[in-house]
Amino acid sequence: MSAEEGLKEIKNKKLFLVEGKDDVEFFVELLDKIGISDFFVWGIEGKGNFNKELPVIAKLSGFDNLTHLCIIRDKDQDDAYKSVGTILRETMNMANVPSKSGEMTQGEPNLGIFICPGDSIEGTCLEDLCLEVVKDHPAMDCVNAFADCVSALEISPKNLSKSKMLSFLAAQPDIVNTIGLAARKNYWDFTSPALQELIEFLKQFK
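Throughout what follows, the structure given in this document is the object of discussion.

Considering the pairing of strand β3 (residues 68-74)
Stage number 1. The buried fraction of β3 is high, at 7 of 7 residues.
Stage number 2. Going residue by residue along β3, you find His 68, Cys 70, Ile 72 and Asp 74 tucked away on one face and Leu 69, Ile 71 and Arg 73 tucked away on the opposite face as well.
Stage number 3. Across 4 bridges, strand β1 (residues 14-18) lies against β3 in parallel orientation. Note on β3: the bridge partner recorded for Lys 14 is His 68.
Stage number 4. Pairing analysis gives 7 bridges linking β3 to strand β5 (residues 110-116), with the strands arranged parallel. From the neighbouring strand, Ile 71 faces β5, where its bridge partner is Ile 113.

Focus on the sheet that holds β5
Stage number 1. What the 5 strands build is an open sheet, ordered β2-β1-β3-β5-β4; its pairing is mixed. On the outer flanks of this sheet lie β2 (39-43) and β4 (103-105), each paired with one strand and no other. Each strand of the sheet is rotated relative to its neighbour by a mean of 15°, with strand direction disregarded.
Stage number 2. The strands that helix α3 (residues 50-58) touches are β1, β2 and β3; relative to β1, the one it contacts most, it runs at about 160°.

Quick look at the pattern of salt bridges
Stage number 1. Inspection of the entire model under this criterion finds 5 salt bridges.
Stage number 2. Between Arg 184 and Glu 25 there is a salt bridge, and its shortest N-O distance comes to 2.7 Å. Here Arg 184 is found in helix α8 (residues 179-184), whereas its partner Glu 25 is found in helix α2 (residues 21-33), with 159 residues between them in sequence.
Stage number 3. Given the relative accessible area of 52%, Arg 184 is considered exposed.
Stage number 4. The exposure class assigned to Glu 25 is partly exposed, which follows from its relative accessible area of 24%.

Considerations on the packing of aromatic side chains
Stage number 1. This model, assessed by the stated rule, comprises 8 aromatic pairs.
Stage number 2. When the centroid spacing of 6.2 Å and the interplanar angle of 85° are considered together, the rings of Phe 16 and Phe 39 count as edge-to-face. Highlighted residues: Phe 16 in strand β1 and Phe 39 in strand β2, separated in sequence by 23 residues.
Stage number 3. Overall, Phe 16 belongs to the buried group, its relative accessible area being 1%.
Stage number 4. Between the aromatic rings of Phe 26 and Phe 190, the centroid separation amounts to 5.6 Å while the plane-to-plane angle is 65°, which identifies the pairing as edge-to-face. Pair noted here: Phe 26 is in helix α2 and Phe 190 is in the loop between α8 and α9 (196-202), with a separation of 164 residues, a long-range link.

Here we look at the nonpolar core
If you look at soluble globular proteins, the nonpolar side chains tend to sit buried side by side.
Stage number 1. Counting residues in each nonpolar core, the largest one holds 43 residues, and the members touching the most others are Phe 16, Phe 26, Phe 27, Ile 72, Trp 188, Leu 198 and Leu 202.
Stage number 2. If we ignore the near neighbours within four places in the chain, the residues touching Phe 26 are Leu 126, Cys 130, Ile 179, Gly 180, Ala 183, Trp 188, Phe 190 and Leu 198.
Stage number 3. Among the nonpolar cores identified, the runner-up in size contains 25 residues, and Ile 10, Leu 60, Val 97 and Ile 113 belong to it.

Concerning the environment of Val 28
Stage number 1. Relative to the assigned elements, Val 28 resides in helix α2.
Stage number 2. Among the residues examined, Val 28 registers a relative accessible area of 27% and is labelled partly exposed.
Stage number 3. With sequence-adjacent residues up to four places away left out, Val 28 is seen in contact with Phe 39 and Val 41.

Overview of the packing of helix α6 (residues 139-151) against helix α7 (residues 160-170)
Stage number 1. The N-to-C vectors of α6 and α7 enclose an angle of 140°; their axes lie 9 Å apart at closest approach. Overall, the two elements α6 and α7 adopt an arrangement that is oblique. Viewed along their axes, α6 and α7 form a crossing whose handedness is right-handed. Touching Ala 139, Met 140, Val 143, Asn 144, Phe 146, Ala 147, Val 150 and Ser 151 of α6 are Leu 160, Ser 163, Lys 164, Ser 167 and Phe 168, all from α7.
Stage number 2. Across the contact of α6 with α7, the residue classes tally to 8 nonpolar, 4 polar and 1 charged.

Here is what the cut-offs are and how they apply
- Residues numbered from 1 in each chain as written.
- Predicted model: local features only at pLDDT ≥ 70, side-chain atom pairs only at ≥ 80, totals over all residues.
- Heavy atoms only, no water.
- Buried < 20%, exposed > 50% of the residue type's maximum accessible area, 1.4 Å probe, protein only.
- Helix = DSSP H or I, 4+ residues; strand = E, 2+ residues; numbered from the N terminus.
- Pairing = 2+ DSSP bridges.
- Axes fitted to C-alpha atoms, helices over the stretch in contact; angles between N-to-C directions.
- Contact = heavy atoms within 4.5 Å.
- Salt bridge = Lys/Arg side-chain N within 4 Å of Asp/Glu carboxyl O.
- Phe/Tyr/Trp six-rings, centres within 6.5 Å; stacked < 30°, edge-to-face > 60°.
- Core = buried A, V, L, I, M, F, W, Y, C linked by side-chain atoms within 4.5 Å.
- Parallel < 35°, antiparallel > 145°, perpendicular 65-115°, else oblique.
- Left-handed = near helix turned anticlockwise from the far one by under 90°.
- Nonpolar A, V, L, I, M, F, W, Y, C, P; charged D, E, K, R; others polar.

Shown next as structure tokens:
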């Protein structure tokens with residue numbers, strides 16, 4: 001659902017824009033746990049939609065009242081930070097674009113960008129960060145064996161990190177199939193050192 005179809009007004013002081021519904025649930029849980037208040041998390045349905053959605057969101061009622069704006073997306077294969085920064089500068093005329101991922105700059109609103117999984121974690125997506133959080137979980141021996149097996153198939157998974165994440169969730173007492181639902185079930189350890197870079201970034205939005 002696009003901003004035009006679903007997000008009609010911004011009522012909170014802090015807006016976090018993420019890729020999809022799954023990311024929304026994950027970040028709502030994390031922001032609550034670290035004590036961030038007066039926030040709203042909106043999924044723009046895929047990284048390719050930032051270019052289209054950001055200018056629309058900037059015209060919504062309440063945008064001018066924001067104190068903080070945060071954009072979080074996966075690294076994937078392209079230059080994710082450069083892509084977001086270009087959109088903010090060229091289509092939204094924002095002068096306070098951070099110089100790199102993980103920074104927040106002062107302005108109206110304060111602006112932050114974070115590219116998952118962060119600079120301290122290998123990988124290209126939020127799934128890689130979640131897998132790092134549970135790397136010492138007993139189920140990961142099974143997950144890694146599964147990953148080795150499917151990687152050897154003639155037609156193997158296109159996204160091995162997502163495949164591993166789903167196999168980890170399939171090993172839990174109550175099976176869920178998304179990162180967000182797993183966050184609600186406390187399957188991700190939000191006290192893990194692997195999340196420190198992301199949490200320190202998000203704490204700037206208090």
